[in-house]
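Spelled out from the first residue to the last, the chains are:
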Amino acid sequence: MAFPRTTALEFLRHAYEQNRLAHAYLITGPPSSGKQVLAAELASLVNGTPAQDVFTARAREIFIARPESKSRRIVTAQIRALERTLQMRAANGRRKVAIISDADRLQREAANAFLKTLEEPPKDSLLLLLSAVPEALPETILSRCIAIALASDGQVRGKAEEQKLVKLLQQAAHQTTWRVQSAYRLAQEFQHLLRAVREKVKFETDEAFKREQTRYKDTTDGAWLEEREEYYKALTESLYLQRRAALVETLFAWWTDVLRTSNDVAQRDIPVARQETAALARRFSTAEILRRIRSLEELRDHLGRNIHEALAIEVAFLTTFNA
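Criteria and thresholds
Residues numbered from 1 in each chain as written. Predicted model: local features only at pLDDT ≥ 70, side-chain atom pairs only at ≥ 80, totals over all residues. Heavy atoms only, no water. Patch = residues over 30% accessible without salt bridge, like charges linked within 9 Å, V, L, I, M, F, W, Y side chains within 5 Å. Areas by Shrake-Rupley, 256 points an atom, 1.4 Å probe, with all protein chains shown as cover. Salt bridge = Lys/Arg side-chain N within 4 Å of Asp/Glu carboxyl O. Helix = DSSP H or I, 4+ residues; strand = E, 2+ residues; numbered from the N terminus. Expected span 1.5 Å × (residues − 1). Buried < 20%, exposed > 50% of the residue type's maximum accessible area, 1.4 Å probe, protein only. Arc of directions from axis to C-beta. Contact = heavy atoms within 4.5 Å. Pairing = 2+ DSSP bridges. Axes fitted to C-alpha atoms, helices over the stretch in contact; angles between N-to-C directions. Core = buried A, V, L, I, M, F, W, Y, C linked by side-chain atoms within 4.5 Å.

## Structural notes on a nonpolar patch on the surface
Next up, step 1: On the surface, a cluster of nonpolar side chains totalling about 240 Å² of accessible area is made up of V180, Y184 and L318.
Next up, step 2: Considering the arrangement of structural elements, one finds Y184 in helix 7 (residues 180–216).

## So, unusual backbone geometry
Backbone phi values are negative for most residues with the exception of glycine, while trans is the configuration of most peptide bonds.
Next up, step 1: Of note, D102 is a non-glycine position whose phi angle comes to about 50°, a positive value.
Next up, step 2: Assignment of secondary structure puts D102 in the loop between strand 3 (96–100) and helix 4 (108–119).
Next up, step 3: The backbone of N306 sits at a positive phi, close to 60°, despite the residue not being glycine.
Next up, step 4: Assignment of secondary structure puts N306 in the loop between helix 10 (286–304) and helix 11 (309–320).

## Here's the deal with helix 1 (residues 5–17)
Next up, step 1: Look at helix 1: 18 Å from first C-alpha to last across 13 residues, which is about the 18 Å you get at 1.5 Å a residue.
Next up, step 2: Regarding helix 1, the residues found buried are A8, L9, L12 and A15. Seen end-on, helix 1 carries its buried residues on one side only, within an arc spanning 120°.
Next up, step 3: Residues of helix 1 that are buried make contact with strand 1 (24–28), helix 2 (35–47) and strand 5 (146–149).

## Examining the sheet that holds strand 1
Backbone-to-backbone hydrogen bonds join strands into a sheet, with any given pair of strands oriented parallel or antiparallel.
Next up, step 1: If you trace the five strands from one edge of the open sheet to the other, you get 2-3-4-1-5, paired in parallel fashion. Looking at strand neighbours, the two that pair on one side only are strand 2 (62–65) and strand 5, the edges of this open sheet. Between one strand axis and the next, the sheet turns through 20° on average, direction left out of account.
Next up, step 2: Relative to strand 5, strand 1 is paired through four bridges, and the arrangement is parallel.

## Structural notes on the environment of V166
Next up, step 1: Positionally, V166 belongs in helix 6 (residues 153–173).
Next up, step 2: Considering only alpha carbons, one finds V166 and I270, 104 residues apart in sequence, at a separation of 8.3 Å.
Next up, step 3: If sequence neighbours within four positions are ignored, V166 has contacts with T250, W254, I270, V272 and A273.

## Section: the nonpolar core
Next up, step 1: By size, the foremost hydrophobic cluster in this structure holds 46 residues, and its most contacted members are F190, L251, W254, W255, L280, F317 and F321.
Next up, step 2: Elements that contribute at least two residues to this core include exactly helix 6, helix 7, helix 8 (222–262), helix 9 (274–283), helix 10 and helix 11.
Next up, step 3: In terms of residues, this core owes the most to one element, helix 8, which gives 13 residues.
Next up, step 4: Apart from residues lying up to four places away in sequence, F321 is in contact with L169, W178, R179, A183, L186, L251 and W255.
Next up, step 5: Among the nonpolar cores identified, the runner-up in size contains 24 residues, and L38, A40, I99 and L126 belong to it.

## Brief notes about the pattern of salt bridges
When charged atoms on two side chains of opposite charge get close, those side chains can pair.
Next up, step 1: Applying the stated rule across the entire model yields 16 salt bridges.
Next up, step 2: The partner of E83 in a salt bridge is R80, and the shortest N-O contact between them spans 3.4 Å. Taken together, the positions of E83 and R80, both in helix 3 (residues 76–87) and three residues apart, correspond to about one turn of that helix.
Next up, step 3: The exposure class assigned to R80 is partly exposed, which follows from its relative accessible area of 41%.
Next up, step 4: One network of salt bridges, with partners in common, ties together D257, R260 and D269.

Set out below in structure tokens:
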């Protein structure tokens, strides 16, 4: 589950106060999710360095490794240097903090070298790995870190998308009679919402790639930029699928609330639509509600198997929102 950065920090603060902070964390999330900010805040908490100074030369007992070679990789020499500094005794009782930015850019040899530090961390040390693509890290590293997934700004905006969908569903619930035409129209509205999501995600990832091109075009080789272009294409699709899944889950939440009302269960996932879901509970039997939920389960299954998106949505909506 992905958390807002502020929520994740509160969890970590509580663990620190209870003396239950782990020795290694993998902070993940897409660009703009606040991975570096969270790392700075956590380092400040345990080390005393002001958060705004953590990634500067003013920091003490804080060691940073980030991609610096021409190929934009973190090389073994950087990891060896970091390990040597971690072995030194901290001044004034400070806790030593190592931060590896873009940990997925570790060379294989560098990752293997860092594994020993993860297995036997130096005394009074905290290891923080940051990555937007944790899948690229070796399983041996993943298994030795506690993962903290951060929600992106896109997920926050996703709440607005889900609210738009709820309003569409509320409008549909107020229709006295459901017909094929109305179900098809609702399916079109849902697809229009998805197109807007895809366009927004693509714009954001295109802008992020342009910023990298501007920043690194004179200090990296062409192969790295080509690799990053492919990365952002994959990221665009991944973020879109996440937000599409959230909208499908909103459909599930809607019909689950209808089912709960039908069975006199007080809990609601969408309390703002309590009146509309109650009206549908009176209109349909439990068997009819369950049939609609099963149709949404088929939609989720079809989308997961890459069946044609528009067709899968139309079929599901014609079953779910038809009399």
